[in-house]
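Residues per chain are reported as follows:
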Amino acid sequence: MKISIIIPCLNEERFLPDLIRDIKNQTLQPIEVFVVDAQSTDETLPKIQEVGLAQLRVVSTNPNIGAQRKLGGDSASGDLLVFLDADTRIGPDFLDSVVSAMIRRKLDVACPTYVPYSKNNDASIKKSSLPIRLIYRGFDMLFFCFQKISPSGAGSCICVKKNIYTQIGGFRTDLKFDDIEFIIVTGK
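Our subject in this report is the structure included herewith. (Residues numbered from 1 in each chain as written. Predicted model: local features only at pLDDT ≥ 70, side-chain atom pairs only at ≥ 80, totals over all residues. Heavy atoms only, no water.)

Some remarks on the packing of helix α1 (residues 16–24) against helix α2 (residues 44–51)
Spelled out, the test is: Note on method: axes are straight lines fitted to C-alpha atoms, helices fitted across the in-contact stretch only, with angles between N-to-C directions ranging 0 to 180 degrees. Under the scheme used here, helices are H or I runs from DSSP no shorter than 4 residues and strands are E runs no shorter than 2 residues, and both carry numbers assigned from the N terminus. Oblique is the label for any angle not covered by the other classes, which are roughly parallel (under 35 degrees), roughly antiparallel (over 145) and roughly perpendicular (65 to 115). For any pair of crossing helices, the crossing counts as left-handed if the nearer helix is rotated counterclockwise from the farther one by less than a right angle, and right-handed if it is rotated clockwise. Contacts are assigned to residue pairs that have any heavy atoms within 4.5 Å of one another.
For the pair α1 and α2, the least separation of the axes is 9 Å and the interaxial angle reads 25°. When the axes of α1 and α2 are compared, the pair comes out roughly parallel. Crossing of α1 against α2: the hand is right-handed. Judged by residue contacts, Leu16, Pro17, Ile20, Arg21 and Lys24 of α1 engage Thr44, Lys47, Ile48 and Val51 from α2.

This is the structure:
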């Protein structure tokens, strides 16, 4: 399965280089990584270029998250589209695990379990507190329990087959919560 990753961003110099490094270290490599920039004014673009990821493609659009996701999804050529927020972190076997789970469970769309920040490699970023970790766990359980009745999730990570993405027309650009609407529509 060919994988395309789409990452909307705006002034993410602090976080996006780490995600690009995480992608570079995947055991299963994507065929392309689209960073859809909403006209960043910081050092985001030079910093991600320094990482040296060959599959990296930078495209620009207006600062509308739905428009950013749509441009990246429409431009992608992979069989599986993985939409990630710029401040997301993924382990080295993340893409392998996603592909395996989607095949095993016969899924067209998936939102992996959400885990709050737990490593403290950067002294300026605090480890998530126990209440925050419990809130994430609660959301994960709710999403899991209601996935057949009312699919939901958050935009920090949405994995969808390209044919399903195309069939529903991609992300809507006129909604504030385009990610939730997208998950609901693809989950039907």
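As for the packing of aromatic side chains
Which entries qualify depends on this criterion: Classification of ring pairs rests on two measures: the distance between centres of Phe, Tyr or Trp rings, Trp counted by its six-membered ring, which must be within 6.5 Å, and the angle between planes, read as stacked under 30 degrees, edge-to-face over 60 and tilted in between. Only protein chains enter the calculation, and the probe is 1.4 Å; a residue is then buried if its accessible area is under 20% of its type maximum, exposed if over 50%, and partly exposed in between. Distance and angle both matter: a charge sits over a ring if NZ of Lys or CZ of Arg is within 6 Å of the ring centre and within 35 degrees of the ring normal.
Scanning the model with the defined rule gives three aromatic pairs in all. When the centroid spacing of 4.9 Å and the interplanar angle of 75° are considered together, the rings of Phe83 and Phe171 count as edge-to-face. Linking Phe83 in strand β4 (residues 80–84) with Phe171 in the loop between α6 (162–168) and α7 (178–186), this pair joins segments that are 88 residues apart in sequence. Here Phe83 matches Phe171 in class, with each residue buried. The ring of Phe171 has Arg69 sitting right over it, with the charged end atom 5.6 Å from the ring centre.

Brief notes about the pairing of β4
Stated formally: Two strands make a pair as long as DSSP finds a minimum of two bridges between them.
Summarising burial for β4: five of the five residues are buried, a large majority. Going residue by residue along β4, you find Leu80, Val82 and Leu84 tucked away on one face and Leu81 and Phe83 tucked away on the opposite face as well. Sheet topology places β4 next to strand β6 (residues 157–161); five bridges connect them, and they run antiparallel. Bridge pairing in β6 links Leu80 to Lys161.

Re helix α3 (residues 65–75)
To be explicit about the condition: The term polar contact refers here to a pair of N or O atoms within 3.5 Å; inside protein, the definition further demands a hydrogen-donor-capable atom paired with an acceptor-capable atom, and it admits residues adjacent in sequence only when both atoms are side-chain atoms.
Looking at α3, one finds that the buried residues are Gly66, Ala67, Gln68, Arg69, Gly72 and Gly73. Among the residues of α3, the N-terminal cap falls to Asn64, whose side-chain oxygen and the backbone nitrogen of Gly66 are separated by 2.9 Å.

Let's talk about the environment of Arg14
Residue position: Arg14 is located in the loop between β1 (3–9) and α1. Along the backbone, Arg14 and Glu43 are 29 residues apart, and their C-alpha atoms lie at a distance of 8.8 Å.

What about the sheet that holds β1?
Strand order in the open sheet formed by six strands is β3-β2-β1-β4-β6-β5, and the pairing between neighbours is mixed. Unpaired on one side and paired on the other, β3 (56–60) and β5 (109–110) mark the two borders of the sheet. Relative to β6, β5 runs antiparallel, the two being bridged by two bridges. The residue of β6 that forms the bridge with Val109 is Val160. Across the face of the sheet, α3 comes into contact with β1, β2 (32–37), β3 and β4 while running at roughly 155° to β1. Sheet strands in contact with helix α4 (residues 94–105) are β1, β4, β5 and β6, and its direction is about 130° off that of β4.

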